[in-house]
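Topology and contacts: notes
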Amino acid sequence: MQRTAVGLLIAIWCLLGANAAAQDKLVAKRSPWTTSRVKGSPEPPAPYRIAPAFPRLKFVLPTSLEVIPGTNRLLITERAGRILSFANSTDVAQADLVADLRDFLSNDLAGQNISLFDGELHPKFSDNRYFFVCYVHPEKGGQTRVSRLTLTRDEAPRLVPASEQVIITWPSGGHNAGCLEFGADGCLYIATGDGSGPNPPDARNSGQDISDLFGSILRINVDHANGDQAYSVPADNPFVGMPNARPEIWAYGLRNPWKFGIDPQTNYIFAADNGWESWEMVHRIVRGGNCGWPVMEGRVALRSDVAPGPTPIIPPVKDHPHTEANSVIGGPVYRGSKLPDLNGSFVYGDYITGTIWAIRPDNNNSDKDGAYSHRTLVDTDQRIVAFREGPNGELFVLDYDLTGQIYELLPSERPDTSASFPRRLSETGLFASLEKMEPAPGVVPYSVLVEPWMDGAKAQRWAAIPGSAEIELATSPNEGSKFPEGTVLVKHLALPQPSGEPIRLETQLLHYEDGVWSPYSYLWDDANRDAVLVDAIGTNRPLQVADAAASDGKRERTWHVNATNECKLCHNAGPKFVLGFVANQLDYSLLAAQGVVHRLSAVDDEKWRLVDPRDTKQSLDDRARSYLHANCAMCHHPGGNAIVSFFLRRDLPFDKLNTNKGTGIGTFGIRDAKIIAPGDPYRSLLLYRMSKLGYARMPYIGSQVVDSEGVALVASWIGSLPSDPAAPISSPLASNSAEATALAQVSAKSRSPDELDSAIRTSLKSTESALALAGKLHQHSVPPEAFDTAATLGSATTTSDIRGLFETFIPESKRRPTLGANIDPQTILSRQGDRQRGKLIFFSDGARCRACHEIDDPSQSVGPTLQEINKKYARPAELLQHVLQPSLKIDEPYAAYAVLTNDGRAINGLMAEQNDKEIVLKTADKKLARIARSSIAEMQKSPVSLMPDRILSDLTAQEAADLFEYIRSLGVAK
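Details of the state of the cysteines
Applying the stated rule across the entire model yields zero disulfides. Unpaired in this structure, C179 has its nearest cysteine sulfur neighbour in C134, at a distance of 8.9 Å. Of the residues examined, C179 reaches a relative accessible area of 0% and is grouped as buried.

As structure tokens, this is what we get:
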């Protein structure tokens with residue numbers, strides 16, 4: 001009997017082994033991908049690159065870097081309070097501890113955290129050994145303090161025991177700033193934040209209040225005490241003697257100027273200030289300057305309820321929309337010898353996108369409204385937290401939490417591959433046949449468990465890896481996968497149609513090269529034959545899609561292809577760049593059998609695994625949490641950008657999501673609003689924001705259509721969550737309320753048109769009931785006539801909080817329009833413009849005029865200056881016609897030329913010079929391009945102006961009238 005049992009077990013084991021072997025044979029190993037032409041970049045190489053300066057050193061959340069004068073050592077601070085020094089040598093392998101500020105804590109505060117933001121050496125450090133730090137001390141519930149420490153004279157200096165002297169303090173808050181810099185005048189300048197968290201904006205109302213130290217740049221003299229005060233206030237500070245003003249303030253109206261720089265030659269100050277929801281700013285800091293927060297966010301009006309401070313608001317010298325940057329970090333005004341091209345430039349970067357820029361005043365201009373040259377130096381994948389000019393002209397870049405390393409900015413040595421980079425999808429080597437979307441050998445299809453919402457488009461995916469290398473998948477959400485050089489991840493999007501072939505929209509590539517992920521998009525033609533590479537600024541494609549409800553069976557729709565920086569807002573270091581090709585989304589056993597990934601032993605945390613939100617066999621909680629993870633967690637995760645205050649990652653338990661609260665962006669009329677109100681979806685801001693278009697929509701990039709199934713899923717999930725019995729119930733949807741009765745009547749079949757109209761209007765009286773009504777429309781749980789009436793009335797309401805919930809149900813052509821492509825001049829000329837509002841628009845990037853047209857400096861203007869334009873077009877209608885139709889009449893000096901060179905480069909610009917040997921074109925970015933005539937394959941004088949058409953199309957009529965009024969007010973050159 002025992003032998004029979006043993007024999008049976010052996011037979012079963014052999015059978016299972018044979019079946020496993022047979023299954024492995026059925027899954028063919030991929031052949032090497034050898035046809036890749038996705039190499040290099042479609043753009044000329046960035047002028048700079050970064051490289052590890054000290055490859056063997058890594059730090060834990062470093063925050064600042066200093067040069068110890070008279071030595072060959074650097075000093076670095078870490079967030080948790082450590083200060084270290086190390087030799088300025090590429091092969092240095094160890095840093096020496098200078099001090100740990102946690103040792104300053106008294107016994108009753110032991111074990112509490114501190115946050116060290118910055119350190120700054122005294123200009124006479126070699127003599128006095130003073131080192132200043134700004135950090136949050138847990139005393140008194142949290143106190144930001146600037147302290148002076150004394151360091152020893154050892155080669156590797158250490159703290160002199162008990163040498164801390166507290167210089168100045170203020171209450172800590174979410175925004176502490178904390179940057180310290182000595183000016184050329186010997187004074188210590190200190191950045192303070194507005195003392196608030198991300199939301200609501202400036203909760204203390206401190207930005208315009210100069211009676212406190214918040215939201216300011218302070219200026220004090222630390223070499224002369226004033227009685228018991230460890231510093232004195234310079235007599236020329238702007239608010240000395242003003243009643244109720246803090247005399248330490250040099251400038252104000254800032255939100256969170258994490259780092260700023262001071263030009264050692266001119267003492268000009270530039271600060272990078274973190275914005276709120278829409279803009280990041282660079283301010284020129286001047287004596288008594290008002291940077292505008294929170295009355296303004298950059299150049300956009302934000303809070304009209306806050307009284308402006310005592311001095312006029314000065315717009316930033318540069319602003320970045322959140323499609324370009326998300327958390328700007330200031331650096332030095334560079335005056336080193338190693339990078340002469342950057343002389344006099346304020347260098348700054350972005351913590352989220354990793355981009356580094358430089359801005360420089362033209363001709364050392366000191367006028368706050370003057371011209372500035374701005375350029376991108378390099379895009380990196382680092383989490384930039386600080387910069388520092390080194391003793392030998394180095395420009396160091398400090399990474400916070402991706403690597404914790406120090407990099408050096410260097411001139412780029414990359415070859416220009418732009419001429420050979422594939423401009424068409426058919427040229428990439430990814431597909432054997434575009435007609436059938438058949439991949440090339442070695443390019444392997446894969447799918448994900450949770451398809452993110454893509455405005456109704458459906459995706460096909462492929463992984464392309466050169467050669468036979470394999471991907472090493474991370475097995476937890478806190479790690480990054482390892483991809484072979486040259487890997488390309490492909491996502492092809494098409495819009496299904498009820499009958500016939502889907503509309504091919506775009507094919508997106510994510511390309512890994514030299515340690516950097518680069519996104520590209522190829523837009524398909526109307527015939528579905530091929531796709532063309534889209535410029536980095538993105539584009540829009542108008543579509544005619546099937547719609548059974550329309551009279552002709554079609555409706556208009558716009559498909560938006562994201563700009564490169566829009567892509568990077570999600571594909572960044574926080575979620576480890578790759579969003580879909582991750583272990584919790586994949587059938588990694590199949591991919592391992594195909595030789596695409598290494599075989600995994602296990603996923604660290606099974607709670608990280610996702611499930612298909614459409615699979616009703618799975619729990620509602622798993623489905624909803626998986627949906628939110630795939631669509632939201634790339635931003636809403638611990639360590640996300642500064643405005644993220646709650647998390648939606650699947651591996652976090654619900655009580656760690658931080659959603660049981662309101663949000664500073666507003667309640668939108670919802671009573672007792674919470675991000676998630678368990679048991680009550682219609683008091684939940686999460687559901688509200690994913691249900692609407694326009695202001696406050698989430699996701700705020702990448703989607704212009706509301707996901708009806710997703711809204712229904714999340715609403716059901718929130719409704720299923722156990723509610724807090726102690727929570728106040730004030731919803732207008734209580735069972736006996738008029739709104740609840742009206743909502744029931746909307747769904748009823750037996751009621752008259754008048755009753756339906758009345759019920760819908762009652763439902764639109766509150767945001768909660770409007771959100772519930774919109775939910776019924778998403779679920780199609782109302783009769784067709786109710787759907788149409790609710791969509792029409794809801795999208796026409798004057799209440800903006802409610803209107804956005806219903807715009808998704810009406811055609812784009814019926815939504816509240818901007819000027820668009822076809823502009824009637826009278827819609828602008830008939831309005832009274834406001835000069836001050838127009839000035840703010842002009843100095844914003846969105847207006848685009850300023851990019852080419854200077855006010856009065858022809859040498860810096862591409863095309864005529866604005867004063868020259870005013871002189872030529874004295875009548876408003878003539879000037880507006882020139883703006884709206886720039887190609888109607890082009891004066892010879894401003895005719896554009898298009899040059900195609902022998903090596904495939906295309907250059908456009910105004911003719912600045914020409915002779916027998918070369919031509920010189922002035923390009924739209926104000927650079928001079930010298931082109932040898934022998935290298936010109938073709939040159940044509942363009943019939944089209946260099947000034948783009950439709951330059952006002954994204955403004956409202958009133959915004960255009962305001963901008964026009966400001967331009968007209970500039971007068972004529974004298």
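Side note on the nonpolar core
The biggest cluster of nonpolar side chains holds 61 residues, and the ones touching the most others in it are F86, L342 and I406. Within the second largest apolar cluster, 51 residues are counted, among which are I718, A774, F809 and I810.

Digging into the packing of helix 16 (residues 876-884) against helix 17 (residues 957-968)
Two elements in contact, helix 16 and helix 17, have axes separated by 12 Å at closest approach and are oriented at 115°. Here helix 17 runs roughly perpendicular to helix 16, going by the angle between their axes. With respect to the hand of their crossing, helix 16 and helix 17 are arranged in right-handed fashion. In this structure, helix 16 contributes P876, L879 and L880 to the contact, and helix 17 contributes F964, I967 and R968. Taken together, the residues of the contact of helix 16 with helix 17 break down into five nonpolar, no polar and one charged.

Brief notes about unusual backbone geometry
Residues W293 and P294 are joined by a peptide bond in cis, for which omega reads -5°. Structurally, P294 can be placed in the loop between strand 16 (279-285) and strand 17 (296-297). Although it is not a glycine, A177 sits at a positive phi angle of roughly 55°. Positionally, A177 belongs in the loop between strand 9 (165-171) and strand 10 (180-182). Despite not being glycine, N528 has its phi angle at roughly 60°, a positive value. Tracing the chain through its elements places N528 in the loop between strand 33 (516-524) and strand 34 (531-533). The class of N528 is buried, set by a relative accessible area of 11%.

Concerning the packing of helix 8 (residues 738-747) against helix 9 (residues 753-763)
Two numbers describe how helix 8 lies on helix 9: the axes approach to 8 Å, and their chain directions differ by 135°. It follows that helix 8 is oblique to helix 9 by the angle criterion. Once helix 8 is placed against helix 9, the crossing between them reads as left-handed. Touching A738, E739, A742, L743, Q745 and V746 of helix 8 are E755, L756, A759, I760, T762 and S763, all from helix 9.

Here we look at empty space enclosed by the protein
For the structure shown, the criterion picks out six cavities of 30 Å³ or more. The computed volume of the largest cavity comes to approximately 70 Å³. Lining the largest cavity, in full, are I352, T353, T380, D381, W517, P519, K568, H571, N572, A573 and F577. Of the residues assigned to the lining of the largest cavity, the class counts are five nonpolar, four polar and two charged.

What about the sheet that holds strand 31 (residues 488-495)?
Spatially, the six strands line up as an open sheet ordered 29-30-31-32-33-34, and their pairing is antiparallel. Every interior strand has two partners, whereas the edge strands, strand 29 (443-446) and strand 34, have only one. In this sheet, neighbouring strand axes are inclined to one another by 25° on average, regardless of whether the strands run parallel or antiparallel. Here eight bridges tie strand 31 to strand 32 (residues 503-513), and the two strands are oriented antiparallel to one another. Bridged to L493 within strand 32 is E506.

Some details on the pattern of salt bridges
Tallying each qualifying case throughout the model produces 32 salt bridges. The partner of E66 in a salt bridge is R388, and the shortest N-O contact between them spans 2.8 Å. With E66 in strand 2 (residues 62-68) and R388 in strand 24 (residues 384-389), this residue pair connects regions lying 322 residues apart in the sequence. Both residues of the pair, E66 and R388, count as buried. Between E78 and R82 there is a salt bridge, and its shortest N-O distance comes to 2.9 Å. On the basis of relative accessible area, E78 is assigned to the buried category, the value being 3%. The structure contains a network of salt bridges with shared partners spanning E66, E181 and R388.

Points about the sheet that holds strand 24
Spatially, four strands are ordered 1-26-25-24 in an open sheet, and the strand pairing comes out antiparallel. Each edge of the open sheet carries a strand with a single partner, namely strand 1 (48-52) and strand 24. Averaged over all pairs of adjacent strands, the angle between strand axes in this sheet comes to 30°, irrespective of strand direction. Strand direction decides the pairing type here: strand 1 and strand 26 (residues 406-411), joined by five bridges, are antiparallel. Looking at strand 26, one finds that I50 is bridged to L409.

Observations regarding the confidence of the model for the protein
The predicted model of the protein has a mean per-residue pLDDT of 86, with 87% of residues at 70 or higher. Segment residues 1-25: pLDDT under 50, and zero contacts once partners within four positions in sequence are set aside and those in other chains are kept.

What to know about the pairing of strand 16
In terms of burial, strand 16 is a largely internal element, seven of the seven residues being buried. Along strand 16, one buried face is formed by W279, M281, H283 and I285 and the opposite face, lined by E280, V282 and R284, is buried too. Across five bridges, the pairing between strand 15 (residues 269-273) and strand 16 is antiparallel. Bridge assignment links A271 to a residue of strand 16, and that residue is H283.

A look at helix 10 (residues 767-779)
Along an α-helix, residues three or four apart share an orientation, since each turn contains 3.6 residues. In this model helix 10 runs 18 Å from its N-terminal to its C-terminal C-alpha over 13 residues, within 8% of the 18 Å that 1.5 Å per residue would give. Among the 13 residues of helix 10, eleven are classified as buried, and the element is accordingly described as predominantly covered. The set of residues buried in helix 10 consists of T767, E768, S769, A770, L771, A772, L773, A774, G775, L777 and H778.

Let's talk about the environment of F260
Within the element layout of this structure, F260 appears in strand 14 (residues 259-262). Sequence separation between F260 and G178 is 82 residues; the distance between their C-alpha atoms is 9.9 Å. Not counting residues up to four positions away in its chain, the partners in contact with F260 are C179, E181, Y189, I190, A191, I217, I269, F270, A271, G331 and F346.

Here we look at the environment of R557
Mapped onto the fold, R557 is located in strand 36 (residues 554-561). Owing to a relative accessible area of 8%, R557 belongs among the buried residues under this scheme. Sequence-wise, R557 and R541 are 16 residues apart; in three dimensions their C-alpha atoms are separated by 8.5 Å. With sequence-adjacent residues up to four places away left out, R557 is seen in contact with D455, L495, R541, P542, L543, V545, V705 and E812. Within the local environment of R557, its side chain forms a polar contact with the backbone oxygen of D455, the two atoms lying 2.5 Å apart.

Calculation criteria
- Residues numbered from 1 in each chain as written.
- Predicted model: local features only at pLDDT ≥ 70, side-chain atom pairs only at ≥ 80, totals over all residues.
- Heavy atoms only, no water.
- Disulfide = S-S within 2.5 Å.
- Buried < 20%, exposed > 50% of the residue type's maximum accessible area, 1.4 Å probe, protein only.
- Core = buried A, V, L, I, M, F, W, Y, C linked by side-chain atoms within 4.5 Å.
- Axes fitted to C-alpha atoms, helices over the stretch in contact; angles between N-to-C directions.
- Helix = DSSP H or I, 4+ residues; strand = E, 2+ residues; numbered from the N terminus.
- Parallel < 35°, antiparallel > 145°, perpendicular 65-115°, else oblique.
- Left-handed = near helix turned anticlockwise from the far one by under 90°.
- Contact = heavy atoms within 4.5 Å.
- Nonpolar A, V, L, I, M, F, W, Y, C, P; charged D, E, K, R; others polar.
- 1 Å grid on protein atoms, 1.4 Å probe; cavity = no way out; pocket = protein on both sides within 12 Å on 5 of 7 lines; lining within 4 Å.
- Points joined across faces, edges and corners; volume = space filled by probe spheres on them.
- Pairing = 2+ DSSP bridges.
- Salt bridge = Lys/Arg side-chain N within 4 Å of Asp/Glu carboxyl O.
- pLDDT = per-residue confidence, 0-100.
- Expected span 1.5 Å × (residues − 1).
- Polar contact = N/O pair within 3.5 Å; in protein donor to acceptor, adjacent residues only side chain to side chain.

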